[in-house]
Amino acid sequence: MNRLKNIFLTLCCSFTLVIIINCLFSTLFVDSNYISLKDVYMVFFTCFIVSLVVNCFKLESVYSHYLSVMSIIFIMEYIFYGKVILMFSNIIPTIVIMSFIFFVVYLSLFYVNDKDAKRINSMINKSNS
């Protein structure tokens, strides 16, 4: 049940952050480039696959999680668009934004798991007393 909760939390946080950041950047920098329905589906499926991989496979470090997330993002972009459409001029900002989203979601999961662990430990301590 905890794994399902983490998958759902990762999916919701990452999807929300990606959509909000895309909306902010599209209104701040490019007036006419709105997010299409295909883009929203791509973001959802990508976030879903990322949340499954991050929460279901036992990867050893944050770095291996990060590499798997970046790989999935580029693979999903290739599946949806037939090519990776990132150009060198915008690859650095894209990687920075994806890294920010990754670490925000990762820290939120860490916080929720830590809070749950403390709650369970306090229940165990009360039952032992």
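Below: a short report on this structure. If you're wondering where the values come from, they're calculated on a predicted model, not measured in any experiment.

What follows deals with the packing of aromatic side chains. All told, the structure shown has 3 aromatic pairs when counted by the stated rule. For the pair F44 and F45, a centre-to-centre distance of 5.7 Å together with 70 degrees between the ring planes defines the contact as edge-to-face. Relative accessible area serves as the criterion here: at 33%, F44 is assigned to the partly exposed category. With a relative accessible area of 39%, F45 lands in the partly exposed category. Centroid distance F44 to F48: 6.5 Å. Interplanar angle 10 degrees. Geometry classified as stacked. With F44 and F48 both in helix α2 (residues 37-56) and 4 residues apart, the pair spans about one turn of that helix.

Counting residues in each nonpolar core, the largest one holds 11 residues, listed as V50, V53, V54, Y66, V69, M70, I72, I73, M76, M98 and F102. Within the residue set of this core, elements represented by two or more residues are α2, α3 (62-81) and α4 (88-128). The element contributing the most residues to this core is α3, with 6 residues.

About the criteria used
Residues numbered from 1 in each chain as written. Predicted model: local features only at pLDDT ≥ 70, side-chain atom pairs only at ≥ 80, totals over all residues. Heavy atoms only, no water. Phe/Tyr/Trp six-rings, centres within 6.5 Å; stacked < 30°, edge-to-face > 60°. Buried < 20%, exposed > 50% of the residue type's maximum accessible area, 1.4 Å probe, protein only. Helix = DSSP H or I, 4+ residues; strand = E, 2+ residues; numbered from the N terminus. Core = buried A, V, L, I, M, F, W, Y, C linked by side-chain atoms within 4.5 Å.

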